[in-house]
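The primary structure of each chain is shown beneath.
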Number of protein chains: 2
Amino acid sequence: MRPTLVAFALASLLALPALADQSKYTPTPKELLAQSTAREWRTPDPANLLDMTLPQGHVLIELAPDFTPLHAANIRTLVRGHYFDGLAIVRVQDNFVTQWDDPASDDNDTAHTRSLGTAKKTLPPEYTRAIDPKLEWTALPDGDVYAPQVGFSEGFPAARDPSSGREWLTHCYGMVGVARDIGPDTGNGSALYAVIGQAPRGLDRNLAIAGRVLQGMELLSGLPRGPAPMGFYADPRQRVAIQSVRLAADLPAAQRPHVEVLRTDSATFAKLVEAKRNRRDAFYTLPAGKIDVCSISAPVREAK
Amino acid sequence: MRPTLVAFALASLLALPALADQSKYTPTPKELLAQSTAREWRTPDPANLLDMTLPQGHVLIELAPDFTPLHAANIRTLVRGHYFDGLAIVRVQDNFVTQWDDPASDDNDTAHTRSLGTAKKTLPPEYTRAIDPKLEWTALPDGDVYAPQVGFSEGFPAARDPSSGREWLTHCYGMVGVARDIGPDTGNGSALYAVIGQAPRGLDRNLAIAGRVLQGMELLSGLPRGPAPMGFYADPRQRVAIQSVRLAADLPAAQRPHVEVLRTDSATFAKLVEAKRNRRDAFYTLPAGKIDVCSISAPVREAK
């Protein structure tokens, strides 16, 4: 049924080799990934993988303990206490975030607000961390509006400020942040949000980022926006029930997700960055020559 | 029912004055808009306003004839020929675009592909235009990854390159572009897309931008993502029917949308930019001090 003329339109972002001028042909992302080697992919630690089951399917989230270790530990505790099972997606604010947490807490229904169990109620903010030379740092070459340096660290989009010696994860599409109250220590991981629109980079260094959605992002982004202020679902029946959240490490082998993430310090990722900076297929009149840190992400695939 | 602790979280983006430290209190966007004067708002020309009726509601789009006059004229011709009535939203690609056009064309069903009527099949690209000193240009101060200068022109996010003397609209969230085939002259406005994710700025200067969604964006962004390649709906029944597209100028007075757009060269818009660059309410530990051209847009309100 496609491609067709009109359908092809934007589509050529996927670049069909047959239609490209071979003399200036550059490989497509799909071709670059096909040429990657097994060692360029890493298997996320199952202790860092959250498997959230919604009625529509699974959302897989990789925690980022290199950047937010106390939050990762608290979220693991919450998950192992089955804290999220039966909670819900409570708000979807257009061009901003999808958030899930305890609806009773949102409703100020203290009688029914779920206990955090043995998880901590407050945590140090973990908005930024001291630059760790042992962590991967793959810089992007084109600068950034918000930070002195941007790039990738262990698969996550990140920023650095050499003058302060700090680094932090950036609020790009698909990143998962820790909602909180006014106090910087009030985020504990019991309420999380995923970025579903233009990167709200003004949040960087003001909220802890817990990780990144690896699969199922479309289940969070493709929901009806909530009509109440801040995108809350005015009618509780609009909420999306969370059936369960489990750590991959705790699942029986047969139920475990098996995914691999392309290493962001690999040669193939560098080629992907360059291919996206300079689109040379026939569709493009003028390659941008630039890339924003939130305009590319580490590819994810099912493990063989 | 809110705000509550957890709900408040991200929410403080809306900054509740009662909770803010008054000594460093800065007005919220809502307060700034309440202080605006009538002359700071403009009423879009009804000849530039498209009212698209979907089963879920209305999507209002303002054309940008200052930048893409031939496309605006062709789209007006298509609309006045009722070209779009009965067509459909055919693809929703996550973190990219929602596109509407003639499904028969996508299906290569030439027997049922709709005629463009008196509209042109091809148009000059109109990707960029010579900088026009008569057009509004409200620069943003923080630079840009993709272009030498960014800012707003007549309410639309835009970029300039003084060295080439060209300016163009930017692919920010909610901008409406003209889908096309490989040939740069193949975009005619019969297939349009709205940006629903991180700004795909690599498309800038490679596609014509027809305008911007003023209202109803959530009806385009909150749709289920299509499962087929490029986000196409694999099953035609997943498509969203377009009941009609009309020019506001052609609607009976009682049915006409009445909206106003804050002038991007107004003092109030400048205050909004500054308030977003430097969030000083109690929620923020560290104001960004920066803003990206795609992180702010001209507010829209119902006319009184």
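In every chain, residue numbers begin from 1 and rise along the written sequence. Think of it this way: whatever chain is written first is A, whatever ligand is written first is 1, and the rest follow in order. In keeping with the model being predicted, local features are shown solely for residues with a pLDDT of at least 70 and side-chain atom pairs are shown and tallied solely at 80 or more, while totals for entire chains, interfaces and linings include all residues. Calculated side-chain values reflect all of the structure's heavy atoms, with hydrogen atoms and water omitted.

## Regarding the interface of chain B and chain A
Whether two residues touch is decided by their heavy atoms; if any such pair falls within 4.5 Å, the residues are in contact. Facing 70 residues of chain B, the contacting portion of chain A comprises 71 residues. Salt bridges, as used here, are contacts in which a Lys or Arg side-chain nitrogen is within 4 Å of a carboxyl oxygen on Asp or Glu. Along the contact surface separating chain B from chain A lie 0 salt bridges. N or O atoms closer than or at 3.5 Å make up a polar contact, with two conditions inside protein: a donor-capable atom paired with an acceptor-capable one, and, for residues adjacent in sequence, both atoms drawn from side chains. Summed over the shared surface of chain B and chain A, the result is 17 residue pairs in polar contact (both at pLDDT 80 or more). Counting residues per element, the ones that place at least two in the side of chain B that touches chain A are α1 (5–11), β5 (97–101), α4 (103–106) and α5 (217–221) of chain B. Here the side of chain B that touches chain A gets 7 residues from one element, more than from any other, and that element is α1(B). Asp, Glu, Lys and Arg are counted as charged, while Ala, Val, Leu, Ile, Met, Phe, Trp, Tyr, Cys and Pro are counted as nonpolar; the rest, among them Gly, fall into the polar class. For the side of chain B that touches chain A, the class distribution of residues is 39 nonpolar, 15 polar and 16 charged. Going along the chain from the N terminus, every DSSP run of H or I of four or more residues is numbered as a helix, and every run of E of two or more is numbered as a strand.

## Considering the relation of the copies chain B and chain A
Rotating chain B by 180° and moving it 0.0 Å along the rotation axis overlays it on chain A with an RMSD of 0.0 Å. Read as a symmetry element, the transformation amounts to a two-fold axis. Here 100% of the contact residues of chain B are again contact residues in chain A; the copies associate through an equivalent surface. Copy-to-copy superposition: least squares on the C-alpha atoms, limited to residues that have pLDDT of at least 70 in both copies.

## Some remarks on the state of the cysteines
All names here are of chain A. When two cysteine sulfur atoms are found within 2.5 Å, that pair is recorded as a disulfide. Inspection of the entire model under this criterion finds 2 disulfides over all chains. Paired by a disulfide, Cys172 and Cys294 hold their sulfur atoms 2.0 Å apart. Looking along the S-S bond of the Cys172-Cys294 disulfide, the torsion reads about -70°, which is the left-handed sense. Of this pair, Cys172 sits in the loop between β10 (166–169) and β11 (175–178) while Cys294 sits in the loop between α6 (267–277) and β17 (300–302), placing them 122 residues apart in sequence. Each member of the pair, Cys172 as well as Cys294, carries the same accessibility label: buried. Only protein chains enter the calculation, and the probe is 1.4 Å; a residue is then buried if its accessible area is under 20% of its type maximum, exposed if over 50%, and partly exposed in between.

## Considerations on helix α3 (residues 69–80) of chain B
Since there are 3.6 residues in each turn of an α-helix, residues three or four apart along the chain are aligned in direction. Residue and element names in this part refer to chain B. To estimate how far a helix should extend, the number of its residues minus one is multiplied by 1.5 Å. Across its 12 residues, α3 extends 16 Å between first and last C-alpha, which sits within 8% of the 16 Å expected from 1.5 Å per residue. Of the positions making up α3, those classed as buried are His71, Ala72, Asn74, Ile75, Arg76, Leu78 and Val79. If you follow the buried residues of α3, they end up packed against β2 (49–54), β3 (57–63), β11 (175–178), β12 (192–195), β13 (209–215) and β15 (244–247). Looking one or two residues past α3, His82 carries a phi angle of roughly 55°, positive in sign.

## A few points about the packing of aromatic side chains
Pairing of aromatic rings covers Phe, Tyr and Trp, the last through its six-membered ring, and needs centres within 6.5 Å; plane angles under 30 degrees mean stacked, over 60 mean edge-to-face, and all others mean tilted. Going through the model one piece at a time under the given rule, you end up with 6 aromatic pairs over all chains. Each ring, one from A:Phe152 and one from A:Phe269, has its centre 5.1 Å from the other, and the planes form 75°; the classification is edge-to-face. Of this pair, A:Phe152 sits in strand β8 (residues 149–153) while A:Phe269 sits in helix α6, and the two are 117 residues apart along the sequence. Among the residues examined, A:Phe269 registers a relative accessible area of 1% and is labelled buried. Ring geometry for B:Tyr83 against B:Phe84: centres 5.1 Å apart, planes inclined by 85°, an arrangement best described as edge-to-face. An identical accessibility class is assigned to B:Tyr83 and B:Phe84; each is buried. Two thresholds decide whether a charge sits over a ring: the Lys NZ or Arg CZ must be within 6 Å of the ring centre and within 35 degrees of the ring normal. The cationic tip of B:Arg180 hangs over the ring face of A:Phe283; the distance from NZ or CZ to the ring centre is 3.7 Å.

## Digging into the pattern of salt bridges
Residue and element names in this part refer to chain B. Tallied over the entire structure, the rule returns 32 salt bridges over all chains. The closest approach of N and O atoms between Arg80 and Asp250, which form a salt bridge, is 2.8 Å. Taken as a pair, Arg80 in helix α3 and Asp250 in the loop between β15 and β16 (259–262) lie far apart in primary sequence, 170 residues in all. The class for Arg80 is partly exposed, based on a relative accessible area of 47%. Of the residues examined, Asp250 reaches a relative accessible area of 38% and is grouped as partly exposed. The partner of Glu167 in a salt bridge is Arg160, and the shortest N-O contact between them spans 3.0 Å. Classification of Glu167 by relative accessible area gives buried; the value is 0%.

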